[in-house]
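# Observations on chain architecture
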Amino acid sequence: MSGDDLYDAWRRRGAEVEVPADFADRVLAAVRDRQQRDARQFTLRGLLLAVLLSRAGKVGICSLAVAAWVFRVLLLFDVFLSR
Amino acid sequence: VNEDLEVIRRILAGDTDAFRLLVVRYQRPLFCLIRNLVPGPDAEDIAQDVFLAAFANLAGFDQARAGFSTWLFTIARNRCLAALKKRRPVLCARLPERADSRTPEAEASEEEWFRRLDAALEQLPFGQRTAFVLAQMQGLALDEIARIEGVSVGTVKSRLGRARDKLRALLPRPVERS
């Protein structure tokens, strides 16, 4: 076989590829998995936004922040009072 | 092209199953590109990753800039490059030496020649390899390859010429330029 023939045969062989029969099914399954995951994340994000944007949510978050601050201040006083 | 756009319109309207049409239509050329750019067991994962990325970014596809196949090949090209960067470099990588028709190498089997050409293709710089696979194995037009690679048509021609010269040099006698 000449160099030209070898070269052409090799190029043809490179262009011939076997695609697994179920490849499209697997891609579609992966796409649906990702859509479901995105939907769950979207729901969580929506819930978080709803909490953050509602009056009750804001009051709750501020109360927690104040409670945490008070707790930290008490811990600080405790350092001096315990001596 | 119009069929692609119609399918894309359906997908964006919420018909996820329509994406199967695009997968079936482009899986073979995509596998060809990926298998030749990233030989080994990763090809199938990369192909799946490319289709997932295409689906996720379909809303950003701009038909005015390029056709769907060009856009898809660009994603594939970038994923292949990223996969190759993750791989450990091969030590002592070099092109096989030119065959001498007066030696027993000349009697190498067809399969042996193919192995040598495969190895030589793998050693080519990424730009040359991509240009060669897209042009010589998939028959894409030079301007389409230029859009995929993000370079000028002249650069593609030059890369293609250099790739062909290097591969041709391995064969028992020169191959005419096509």
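Residues numbered from 1 in each chain as written. Chains lettered and ligands numbered in written order. Predicted model: local features only at pLDDT ≥ 70, side-chain atom pairs only at ≥ 80, totals over all residues. Heavy atoms only, no water.

### As for helix 8 (residues 153-168) of chain B
Rules: Numbered from the N terminus, helices here are DSSP runs of H or I no shorter than four residues, and strands are runs of E no shorter than two. To estimate the expected span of a helix, subtract one from its residue number and multiply by 1.5 Å. The buried label applies to any residue whose accessible area, calculated with a 1.4 Å probe on protein chains only, is under 20% of its type's maximum; exposed applies above 50%, and partly exposed to all values in between. Within this analysis, the arc is defined by the directions that extend from the helix axis to the C-beta atoms. The contact rule is simple, with two residues in contact once any of their heavy atoms fall within 4.5 Å.
Taking 1.5 Å as the rise per residue, helix 8 of chain B with 16 residues should run 22 Å; its terminal C-alpha atoms sit 22 Å apart, in good agreement. Looking only at helix 8 of chain B, the buried set comprises Val 156, Leu 160, Gly 161, Ala 163, Arg 164, Leu 167 and Arg 168 of chain B. Across the axial projection of helix 8 of chain B, the buried residues extend over an arc of 165 degrees, all falling on one side. Of the surrounding elements, those touching the buried residues of helix 8 of chain B are helix 1 (3-15) of chain A together with helix 5 (110-123), helix 6 (126-137) and helix 7 (142-149) of chain B.

### Remarks on the packing of helix 2 (residues 19-37) of chain B against helix 3 (residues 43-56) of chain B
Residues and elements named next belong to chain B. Here is the rule we go by: The angle between two axes is taken between their N-to-C directions and runs from 0 to 180 degrees, where each axis is a line fitted to C-alpha atoms and a helix contributes only its stretch in contact. An angle counts as roughly parallel when it lies under 35 degrees, as roughly antiparallel when it exceeds 145, as roughly perpendicular when it falls between 65 and 115, and as oblique in every other case. Note on convention: near helix rotated counterclockwise from far helix by under a right angle means a left-handed crossing. Clockwise means right-handed.
Contact pair helix 2 / helix 3: the axes reach a minimum separation of 10 Å and the direction vectors enclose 135 degrees. For the element pair helix 2 / helix 3, the angle class is oblique. Note that helix 2 runs across helix 3; the crossing there is right-handed. From helix 2, Phe 19, Leu 22, Val 23, Tyr 26, Gln 27, Leu 30, Phe 31, Ile 34 and Arg 35 reach across to helix 3, where they touch Ala 43, Glu 44, Ile 46, Ala 47, Val 50, Phe 51 and Phe 55.

### Description of the packing of aromatic side chains
Our working definition: Two rings from Phe, Tyr or Trp (for Trp, the six-membered ring) form a pair when their centres are within 6.5 Å of each other. A pair whose planes differ by under 30 degrees is stacked, one over 60 is edge-to-face, and the rest are tilted. Whether a charge lies above a ring is judged from NZ of Lys or CZ of Arg, which has to be within 6 Å of the ring centre and within 35 degrees of the ring normal.
Summed over all chains, the structure comprises 11 aromatic pairs over all chains. Between Tyr 7 of chain A and Phe 132 of chain B the ring centres are 6.4 Å apart and the planes differ by 70 degrees, which places this aromatic pair in the edge-to-face class. Remark: Phe 132 of chain B occurs in helix 6 and Tyr 7 of chain A occurs in helix 1; the pair is interchain, linking two chains. Across the pair, exposure class does not vary: Tyr 7 of chain A and Phe 132 of chain B are buried alike. Ring geometry for Phe 19 of chain B and Phe 55 of chain B: centres 5.1 Å apart, planes at 70 degrees, overall edge-to-face. Taken as a pair, Phe 19 of chain B in helix 2 and Phe 55 of chain B in helix 3 lie far apart in primary sequence, 36 residues in all. Against the face of Trp 113 of chain B rests Arg 116 of chain B, its NZ or CZ located 4.7 Å from the ring centre.

### Let's talk about the packing of helix 6 of chain B against helix 8 of chain B
Residue and element names in this part refer to chain B. The line we're drawing: Nonpolar residues are Ala, Val, Leu, Ile, Met, Phe, Trp, Tyr, Cys and Pro. Charged residues are Asp, Glu, Lys and Arg, and all others, Gly as well, are polar.
One way to put it is that helix 6 packs onto helix 8 with a least axis distance of 8 Å and a crossing angle of 90 degrees. Considering the angle they form, helix 6 stands roughly perpendicular to helix 8. From helix 6, Gly 127, Gln 128, Ala 131, Phe 132, Ala 135 and Gln 136 reach across to helix 8, where they touch Val 156, Arg 159, Leu 160, Arg 162, Ala 163, Arg 164, Lys 166 and Leu 167. Of the residues that constitute the contact of helix 6 with helix 8, the class distribution is 7 nonpolar, 3 polar and 4 charged.

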